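Coordinate inspection notes
One letter stands for each residue in the lines below.
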Amino acid sequence: MKKASLIFSEILRDQRQEIKLTAAIYLTVTVCFLSIFVCFRVAEKDKLILEDTDLAARTYPDVFISSGEFSSCGELYSALTEAEREYGVTFDGLRLRSADMPLYLELEGLGRIDDSVRLSQEGLQPGEMTVNENALYMGKSLTVGDKAELFGKSFSVVSVENESAIAFEELASLSADTGSLDISVGSIVTEKSLSASQKNSLKALLHSDELISQMDTAETENRSVSSDQKLICILIAGLSVLVILTLFKQAMLRAAPRLGMFRLYGAKNSFVEAFFLIYLLGYILLPFAAATGIYALLEGIFVRFYLEHDTAISYKLFALTAVALLSLIFTLPQLVDIVRKQPAELAVRR
């Protein structure tokens, strides 16, 4: 107990003698630990953050259906309904457009743009349609009660809204040439996640080139950015550790005369080694604790910079352990040199 008390009192006396340098070391090491913690947090950040991973795994955006592979609109309708029945598919934003579309938009600077017609699964009866308020049919605006012929069938306008739409069931009765149809699907959502074989079967059923879920897209993009994040974080963390080691080297150089003094006064090697370890650990543990506290207080700031995912405490403890071991290895030669020297040699140097 007396030895420990002596060690702590000598450390405090040594640090009080050069309080500015001591404060600078503590502050710098704290900032370095904080930088390492932030690097860990940045490495956890994804380029694309998904609020519902299960839904993302079941959602396939921007699906292209090759309508020309179907012999008729009835066959196309059968394929879509089979997809609904077999895989619980929901088509969001399923739209039709033909090469000779009589319904179009006049956009300033772009000229005539063929309008697309959404296949609505609710709210419309066979023979009914809603029309885009900005669309023209044969050069004229449509109002409620007007008739319009689309895809080889006549429809009655029941409302004027912000998009044109007909009932999904109408697809089976359309007589349009499938080769002239352009089909776009905003997204396909399945009832359950699909296996590789189920995905291939669905692609074949819809004659789609590819089905890539939002989850797959996110993972691909996150992997591409993750390597860059990790490289930058490794460089910053490495630089922080190098700064810490350099500071500890200077701190040990400053402590060397006091260690030599202990040897001159007959202190055992165990006492000198204990002083060395406590002296070094004090410069590590106190800044680590301070950095951990500051890091916790900055939680709100991290969230505002979209760094929502905190790192596990094991990563922070790993950083502490790595810094402690590297610092010990880096400064150990000085301790060995002092312990090996005879008191007479230390006296000559003094």
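**Here we look at the packing of aromatic side chains**
Within this structure, the stated rule accounts for eight aromatic pairs. The interplanar angle of 80° and the centroid separation of 5.5 Å between the aromatic rings of Phe 33 and Phe 288 together place this pair among those described as edge-to-face. Taken together, the positions of Phe 33 in helix α2 (residues 19–44) and Phe 288 in helix α7 (residues 269–297) put the pair 255 residues apart, joining distant regions of the chain. Phe 288 carries the same exposure label as Phe 33, and that label is buried. Plain terms: the ring middles of Tyr 77 and Phe 168 are 5.3 Å apart, the flat faces sit at 45° to each other, and that makes the pair tilted. In this pair, Tyr 77 sits in helix α4 (residues 73–87) while Phe 168 sits in the loop between β11 (164–167) and β12 (181–189), placing the two residues 91 residues apart along the sequence. Counting every residue linked through ring pairs, the aromatic cluster contains Phe 33, Phe 37, Phe 288, Tyr 295 and Phe 302. Arg 112 extends its terminal NZ or CZ atom over the ring of Tyr 104, reaching a point 3.8 Å from the ring centre. In this structure, Lys 316 packs its charged tip against the face of Phe 37, placed 5.9 Å from the ring centre.

**Topic: the environment of Glu 84**
Following the sequence through the fold, Glu 84 ends up in helix α4. Separated by 107 residues in the primary sequence, Glu 84 and Glu 191 have C-alpha atoms spaced 9.1 Å apart.

**Regarding the sheet that holds strand β2 (residues 90–98)**
Within a sheet, adjacent strands bond to each other through the backbone by hydrogen bonds, running parallel or antiparallel. Pairing within the open sheet is mixed, and its eight strands lie in the order β1-β12-β2-β5-β11-β6-β10-β9. Strands at the two margins of the open sheet, each flanked by one partner only, are β1 (59–64) and β9 (147–150). Strand-to-strand twist in this sheet, taken as the mean axis angle between neighbours without regard to direction, amounts to 30°. Note that strand β6 (residues 128–132) and strand β10 (residues 153–161) share five bridges and pair parallel. Following the sheet pairing, Thr 130 is matched in β10 by Ser 159. This element, α4, spans β2 and β12 of the sheet and lies at about 170° to β2.

**What to know about the pattern of salt bridges**
Enumeration according to the criterion identifies six salt bridges in this entry. With a shortest N-O distance of 2.5 Å, Glu 170 and Lys 153 are connected by a salt bridge. Residue Glu 170 is found in the loop between β11 and β12, and its partner Lys 153 is found in strand β10; the two are separated by 17 residues along the sequence. Classification of Glu 170 by relative accessible area gives buried; the value is 1%. Among the residues examined, Lys 153 registers a relative accessible area of 23% and is labelled partly exposed.

**Looking at the packing of α4 against helix α5 (residues 196–206)**
α5 packs onto α4 with a crossing angle of 160° between their chain directions and a minimal axis gap of 9 Å. In terms of orientation, α4 lies roughly antiparallel with respect to α5. Of the two possible hands of crossing, α4 and α5 adopt the one that is right-handed. Here Ala 79, Leu 80, Glu 82, Ala 83 and Tyr 87 of α4 lie close against α5, whose contacting residues are Gln 198, Ser 201, Leu 202, Leu 205 and Leu 206. Across the contact of α4 with α5, the residue classes break down as seven nonpolar, two polar and one charged.

**Remarks on a nonpolar patch on the surface**
Nonpolar side chains collect at one region of the surface, where Leu 107, Leu 110 and Ile 113 lie side by side and expose about 260 Å² of accessible area between them. With respect to the element layout, Leu 110 can be found in the loop between β3 (103–107) and β4 (111–114).

**Quick notes on the side chain of Thr 30**
Inspection of the secondary structure puts Thr 30 in helix α2. Classification of Thr 30 by relative accessible area gives buried; the value is 10%. Those residues within four positions of Thr 30 in sequence are excluded, and the remaining contacts are Pro 287, Ala 290, Ala 291 and Ile 294.

**Some words on the sheet that holds strand β7 (residues 136–137)**
Strand order in the open sheet formed by four strands is β4-β3-β7-β8, with antiparallel pairing between adjacent strands. Every other strand in the sheet has two partners, leaving β4 and β8 (140–141) as the edge strands with one partner each. Relative to β4, β3 runs antiparallel, the two being bridged by four bridges. Of the residues in β4, the one forming a bridge with Glu 106 is Arg 112.

Conventions used here
- Residues numbered from 1 in each chain as written.
- Predicted model: local features only at pLDDT ≥ 70, side-chain atom pairs only at ≥ 80, totals over all residues.
- Heavy atoms only, no water.
- Phe/Tyr/Trp six-rings, centres within 6.5 Å; stacked < 30°, edge-to-face > 60°.
- Helix = DSSP H or I, 4+ residues; strand = E, 2+ residues; numbered from the N terminus.
- Buried < 20%, exposed > 50% of the residue type's maximum accessible area, 1.4 Å probe, protein only.
- Lys NZ or Arg CZ within 6 Å of the ring centre and 35° of its normal.
- Pairing = 2+ DSSP bridges.
- Axes fitted to C-alpha atoms, helices over the stretch in contact; angles between N-to-C directions.
- Contact = heavy atoms within 4.5 Å.
- Salt bridge = Lys/Arg side-chain N within 4 Å of Asp/Glu carboxyl O.
- Parallel < 35°, antiparallel > 145°, perpendicular 65-115°, else oblique.
- Left-handed = near helix turned anticlockwise from the far one by under 90°.
- Nonpolar A, V, L, I, M, F, W, Y, C, P; charged D, E, K, R; others polar.
- Patch = residues over 30% accessible without salt bridge, like charges linked within 9 Å, V, L, I, M, F, W, Y side chains within 5 Å.
- Areas by Shrake-Rupley, 256 points an atom, 1.4 Å probe, with all protein chains shown as cover.

Everything listed here is a matter of coordinates, which is why it stays silent on function.
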